Every structure is written in structure tokens, then in C-alpha cells.
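Structural features, examined
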Amino acid sequence: MAQGVAFMTVLDLEQTARETGDSAAKAWLRALAATAPIAVHPQRTLPAVIEELGRHYGEAPALVSAHESFTYAQLAERANHYARWALALGLAKRDTVCLLMPNRPEYLAIWLGVTRIGGVAALLNTSLSGAALAHCINIAAPRHVIVAAELVGAIESARPHLAGEARIWVHGGGHAGLPRLEDAVARQSGAPLAGAELGDVGIDDRALLIYTSGTTGLPKAANISHQRVLNWSYWFAGMLDTGPSDRMYDCLPMYHSVGGIVAIGALLVRGGSVLIRERFSARAFWDDIARFDCTLFQYIGELCRYLVQAPPHPRERAHQLRIACGNGLQADVWTAFKERFALARILEFYAATEGNFSLYNAEGEPGSIGRIPPFLARRLPVALIRFDVDKDAPIRNADGFCIRCAANEAGEAIGRIALLSSSERAAGAPLPRIARRKTRVNALVRGRDREGARFEGYTDAAASDKKILRHVFEPEDAWFRTGDLMRRDARGFFYFVDRIGDTFRWKGENVSSCEVAQALTECPGVLEANVYGVAIPGTDGRAGMAALVTDTRFDLAALRTRLKTCLPDYARPLFLRILGAMEVTATFKHKKSDLVRAGFDPSLTEDTIFFNDAARGAFVRLDTALYERIRDGAIRL
């Protein structure tokens, strides 16, 4: 019966889209149609698609930047150079190559080539250095590491902490003792790969490792299959209705799933082009948009806030942008962002790199992170469950099962994981997966032998297991834990509430309090460190604050200098609170709730608080006047 209802719902959706011109209904149908053929062609990966597009679009622009650009033909040829470079080195299926490089078209060509022949590309965060960078390299266990010339210093700082013997290649310049990647790649042909060169690579194979802080601890490497890369690319191509005349403005890091796959893949698979910028600049944004004729913009919420807070720009309404797509756009910025800049449409979505479900706000409901249409509810079961913040655990009933939240009640968002069939278990399938479907859209939402979606996990099996919640609504069921608190209104729209646990978001990045605390306690004079996030009016996310217990060796200037070398900018604490003693629980865990409640308001404590003043390049004592300036937005953070 449920199958028939789902099928009729799709028919109803198609009829609604035809009769009313409902843009949301059309977007869902386009996305379903775009992704339907993926499972039918199990050997057709994104690198193979790029090869096809190189022949079809030829000299049409694919990737554009200030310093280099690729046509479709050039991108395909460049990827083939890297594929043969990897083969010449003896890179085998599932062997890993780490990539540490700022945003540029060459970045995509490198990992397309490596993954075309079955290799895995680990995309390293360019903000990292030292032990943190070494950790990310070590958990990937690469055979080779590619580093841009301007980041050789970061890799050198990590070398003392590296566990393996990966060969390091420098791209974009020479460095004593390290081979130049360009020299080796230039010796290879850019002609299409054929026969044995292609190997046995399919959509179920791992393509990438993308790092995420998760909810606790050091960064984890999430497994990204070729299927997920294709799903992200084609799904967003459908949602955004991209075409050859479109150009995406992409200033997000290419080592992230959104900046590196979604923003790029959604345009390329439909013949469009992408403007790649190394980093965001509010001052240059509108000039770039106009100069490069961009029609789409990939954002994170904080970027939109920066644009709204910026002075008027003569080109801020004289543009061709038709859609801004991204995540983290707060309700208080949404309307001002859309109206001031005359944007026709905003597509807000929710997703996690390692997650097994996504939400899309195709209707443009301000402040919402999306919804799941009724006809997809069976295919993508998502639930909000009651959560005890103090116990840091889901609330269970007398039978031991989790409890679903009522409308507008906050709870942890979870997504059901598809169970392996008996045949998949017998075949030794390593990961839960979605059964392949026919190409027709209706086949995607009709009969499913197993509800749920694939969870590909991390390289660390123990870390993967921690993200799975079992015995949720019935014996032996399994659900992916997002670590996010959300609420869902009576119409089915989801709204983000907060992150669970110690991780908080600042400047669009997840910050692990454990990682920051470890860096702090390695500094001379810091005996204990308790790290947490504090809300600042007018900003998205939470700024880092650390409560410290120190001794006579503690020096603020030395601490600030050390943190600059071991933590990326977004992870460095904005505030320090000096304590006489740390309050702990009976099990010696640091208590945070009172510290978080007090925030950075000096009137709520007798402890000394310091502010990391970027303009003065120092930690300065926070008094009431400075606190009020920060609170009122007079100081840009």
C-alpha cells in the first residue's frame, strides 16, 4: 500500500508542477531525474563523465580563475596526464594520494586523474600545519603527497610527526630535495585512457577522503565513493537547473565537499562553467560577479552576513545572479540578503560530508534548512529524537527505544541506515548501500526492499561505529547520528538549533574543543584548558573561548604566537578566561555549562578575561567598554 501511495504522490507532484508552475516541485523532479541513471551505469564515474564532456563541449570554458583556466577539452586532457602519472608510479586501486593545495583549476584535474584509475585522493585542509596536518596525513596512509609550493612550509612543519614514508611532490615551483610534479606529469600523454589503463573502477569504489571534525576529537577522514560524488553533482544540477549558459562563483575551499564537489560538479555535468577564487573577499565580490558574468553563487551563511554588513557597492544589484545556494543562512540575514541584492531565489540546504541524508529548502522558506517531501519520506527516513543535553545521550522509553519529537520540539536529527541484504552480506559488502534502481524517476520512490540510505563511514572503523545509533525504534535498526539538534514545524520544515557536544561552528568551520584544548595545554604555563563556544550578537555560530588554569610560566604573547603556528585562524580562541581552579565532575570531566552561560561578559565573573584583538596583534584585557563594543558589532571579528 505504501508503495502505491508513494507512486501516486510522484504523479501528483508531476501534475502539480505542470498545472501550477510550482518551482519547488519542478526542482525535486529535476533532481530525481538527473540522479536516476547513476546506478544503471556502475562503471561511469565523474572522471569518465569529464572525459565525455571534453569531447562534447570541447573548447567551451569549464574552470576559470585569475591565474589559469581550463576548457572542457583541456580539463579532460590534464586529468589524463595525472592518471598516467599515477599509473607510472605503480599506484594501485585504493592507494591514496594526499593533496595540499589552495583553490585552483589544477586541483580538480589532479584528483580527477588519480581517481580515474582507482586511486583515492585525500583532500587536506590548507589551514593546517604541524601535528594537526600530520594527523590528517597519517590516517590516510598515503603513498604520495602533493603540496603546492606556497604550502611547503606547512608540510615541513608536519614532517617530524609523520608516521609513514610517503613521497612528497611539489607543484608550482622548485624546492630543494623534493621532486617537481610538473616535470613528471609533463612526460605523460593526455590522450584518453583505454583498455588496461582504466582498470576496474566503479561507482561503489572509494574516490576521496574528505576531512571533518565530527562531533569530538581530531579530524576524521570520511569515505566518499564515486557514487556519492556523482549523486552530489547531478542532484544539485537538477535542483539548480544548471545549463551551458550558467557560471558558478565558488570561493569556498575545494578540500570541502561543497566547494570542491557540489559547486563544481553541478555545473560541469551540464556544460556550465565555474569561477574559482582562492578565498572570499567582500570588497571584490560584486566586481567579480559582474566581470565574470556569474549566474550562481555558492555560500556559507557567514559570507552572506559579511555582504549585508558591507558598504553599498555600485554593482550589488547590477548582476545576473539567479540563485544563491548554500547552507547556514540565518533567518535574520535571509530577507536582507535577498532584498538588498535583488536575488530571485535562495536554495538553502543541510548536509554533512559523511552523512546519509540531506535536506533542501526548495520552497525558499526563510530560516529553514529544508524539508523532505512526502513522496521521499520512505526512501529517506529522517527522525528527530528527544535528547538529554546534560547526559549527552538520547532519551529512551521504558522499552529502551528512542522517542520521536513532537512538532517544534528540538531533538537530535538521525537518518536510517539501509541494512545489508543477505546476498550483500554473503558477498562481503564493506558498507551499507542503496539497492540499484531503474532509470525512471518513479522507480526511485516506489518499492524499496530496505528503507534507509548508505553510510560510508570514516577510515577509522571505531569512529564510524560511534556515529551509528542502534535499537532506535525497533530491534536491530541502525541510524546515522548527525550530532545536530533541530526542530521541525507542523508543515515539515526543519530548523537548525545547535550542535551537540563540544564541537561548535565558527566562520563556517567545525571547531573541535578537544583539538584546541590539546594545543593550549602544550603551551608553557597552561596546566588545564576547557574550551567551548560562546554566542556573540550579530554573528553566526559560536566564537571560541578557553578557560585556563595557569602557573608562573604563562605568557600571553608566547601563547598567541604558538597558537598561530598550530591552529587555523577559525580555531584559535577569541577569548581567554583565567581561573584559579577548574571545576570538574565526579569523573573529573570539565564542567562547561556555567562557563558557557557566563560567556565573555566581564560583569558576570571576577575572573580576568582577555580578548584576542587582531588589530593590535595581542590578547588584551576585556573590560566593560570593550565588551560592549564587541557585543554591539563595533569590532569586526
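To start, this report covers the structure provided alongside it. (Residues numbered from 1 in each chain as written. Predicted model: local features only at pLDDT ≥ 70, side-chain atom pairs only at ≥ 80, totals over all residues. Heavy atoms only, no water.)

Focus on empty space enclosed by the protein
Under the convention used in this document: Here a cavity denotes a set of grid points, spaced 1 Å apart and computed over the protein atoms alone, in which a 1.4 Å probe fits but from which it cannot get out, and a pocket denotes an open set meeting protein on both sides within 12 Å along at least five of seven lines; residues with an atom within 4 Å of a point are reported as lining. Grid points are joined across faces, edges and corners, and a volume is the space filled by probe spheres set on the points. Gly counts as polar in this scheme, as do all residues outside two lists: the nonpolar Ala, Val, Leu, Ile, Met, Phe, Trp, Tyr, Cys and Pro, and the charged Asp, Glu, Lys and Arg. The helix and strand labels rest on DSSP assignments: H or I over at least four residues marks a helix, E over at least two residues marks a strand, and numbering proceeds from the N terminus.
All told, the structure shown has two cavities of 30 Å³ or more when counted by the stated rule. Reported here for the largest cavity is a volume of approximately 50 Å³. As for the largest cavity, its lining consists of Pro47, Ile50, Glu51, Ala76, Ala79, Asn80, Ala83, Leu112, Gly113 and Arg116. For the lining of the largest cavity, a count of residues per class yields six nonpolar, two polar and two charged. Empty space within the second largest cavity amounts to approximately 40 Å³. Elements represented by at least two residues in the lining of the second largest cavity include exactly helix H3 (46–57), helix H5 (105–116) and helix H10 (257–268). Element by element, the count of residues in the lining of the second largest cavity is highest for H10, at five residues. Here the lining of the second largest cavity is composed, by residue class, of eight nonpolar, two polar and no charged.

Things to note about the packing of helix H2 (residues 23–35) against helix H9 (residues 226–240)
To be explicit about the condition: Throughout, an axis means a line fitted to C-alpha atoms (over the contacting stretch in the case of helices), and angles, computed between N-to-C directions, take values from 0 to 180 degrees. Note on convention: the crossing is left-handed when the near helix lies turned anticlockwise from the far helix by less than a right angle, right-handed when the turn is clockwise. We call two residues contacting when some pair of their heavy atoms lies within 4.5 Å.
With their axes 7 Å apart at the nearest point, H2 and H9 run at an angle of 145° to one another. Judged by the sense of rotation from one axis to the other, the crossing of H2 with H9 is right-handed. Here Ala27, Trp28, Arg30, Ala31, Leu32, Ala34 and Thr35 of H2 come into contact with H9, specifically with Asn231, Tyr234, Trp235, Gly238 and Met239. For the contact of H2 with H9, a count of residues per class yields eight nonpolar, three polar and one charged.

What to know about the nonpolar core
We count it as follows: Definition used in this section: a nonpolar core is a set of buried Ala, Val, Leu, Ile, Met, Phe, Trp, Tyr and Cys residues joined via side-chain atoms within 4.5 Å. Relative accessibility thresholds used throughout: buried, under 20% of the residue-type maximum; exposed, over 50%; partly exposed, between the two (1.4 Å probe, protein chains only).
In terms of nonpolar packing, the biggest core is built from 122 residues, with Leu63, Leu75, Trp85, Trp111, Leu208, Phe297 and Phe337 touching the most fellow members. Judged by nonpolar contacts, the second largest core, of 44 residues, contains Cys523, Ala546, Phe554 and Leu559.

Here we look at the packing of H3 against helix H4 (residues 72–88)
Packed helices, taken two at a time, are described by their axes: the angle between them and the distance between them. Direction vectors running N to C along H3 and H4 enclose 145°, while the axes themselves pass 7 Å from each other. The handedness of the crossing between H3 and H4 comes out as left-handed. The segment H3 lies against H4, with Ile50, Glu51, Leu53, Gly54 and Tyr57 engaging Tyr72, Ala73, Leu75, Ala76 and Asn80. Residue classes in the contact of H3 with H4 are distributed as seven nonpolar, two polar and one charged.

So, the pairing of strand E27 (residues 608–613)
We apply this condition: Pairing between strands is defined by DSSP: at least two bridges between them are needed.
Counting buried residues along E27, five of its six residues qualify, which places the element largely inside the surrounding structure. Strand direction decides the pairing type here: strand E26 (residues 575–579) and E27, joined by four bridges, are antiparallel. Bridge assignment links Arg577 to a residue of E27, and that residue is Ile609. One ladder, built from four bridges, connects E27 with strand E28 (residues 618–621); its direction is antiparallel. Opposite Asn612, over in E28, you have Phe619 as the bridge partner.

Description of the pattern of salt bridges
What counts is decided by this rule: Whenever Lys or Arg places a side-chain nitrogen within 4 Å of a carboxyl oxygen from Asp or Glu, that contact is recorded as a salt bridge.
Counted under the stated rule, the structure contains 33 salt bridges. The partner of Arg305 in a salt bridge is Asp540, with the nearest N and O atoms 2.5 Å apart. In this pair, Arg305 is assigned in helix H12 (residues 301–309) and Asp540 in the loop between strand E24 (526–534) and strand E25 (543–550), connecting sequence segments 235 residues apart. Residue Asp540 is classed as buried on the basis of its relative accessible area of 8%.

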